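The residues making up each chain are set out below.
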Amino acid sequence: MVDRDPNIVISGLSGDFTKDGVTVEVHIIRLEDGKDWTLEVVNSAGTSIVWDDPFESDEQAYAEFYRTVAEEGMQVFSDESNVIPFRRPH
């Protein structure tokens, strides 16, 4: 018998979110046999920002996303604020 990968459950709270002229994709997912939800935000450049800690519900994950937007603004999801450049040798 071949083991199959578990299905991914996508929250109805997932989708595009636009504020201040910036649009991101919000992905709130869990494995079908799991209980914890994962929060990922993808910006227009395709950069993925994933929260380290899981959430007990999709509502909690979305609330954390919305809290982040309210406290830090949409610029927190831009590549300029999240990409750490490596030092280049001279």
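As the structure is a computational prediction, the values presented were derived from the model and not from experiment.

In this model, Asp 20 sits at a positive phi of 55°, which is unusual for a non-glycine residue. One can find Asp 20 in the loop between β2 (15-19) and β3 (22-31).

Let us look at the side chain of Ser 11. Inspection of the secondary structure puts Ser 11 in the loop between β1 (8-10) and β2. A relative accessible area of 5% means that Ser 11 is categorised as buried. Reaching out from Ser 11, the side chain makes a polar contact with the backbone nitrogen of Leu 13 at a distance of 2.9 Å.

Put simply, side chains in a regular strand alternate between the two faces of the sheet. Two elements, β1 and β3, share three bridges in a ladder whose sense is antiparallel. Paired with Ile 8 across the bridge in β3 is Leu 31. When β2 meets β3, the two strands line up antiparallel, connected through five bridges. When the sheet's bridge partners are listed, Lys 19 is paired in β3 with Val 22. Where β2 folds back on β3, the antiparallel hairpin that results is connected by two residues, among which Asp 20 adopts a positive phi of roughly 55°. Pairing of β3 with strand β4 (residues 38-42), which is carried by five bridges, proceeds in the antiparallel orientation. Across the sheet, His 27 pairs through a bridge with Glu 40, a residue of β4.

What counts, and at which threshold
Residues numbered from 1 in each chain as written. Predicted model: local features only at pLDDT ≥ 70, side-chain atom pairs only at ≥ 80, totals over all residues. Heavy atoms only, no water. Helix = DSSP H or I, 4+ residues; strand = E, 2+ residues; numbered from the N terminus. Buried < 20%, exposed > 50% of the residue type's maximum accessible area, 1.4 Å probe, protein only. Polar contact = N/O pair within 3.5 Å; in protein donor to acceptor, adjacent residues only side chain to side chain. Pairing = 2+ DSSP bridges.

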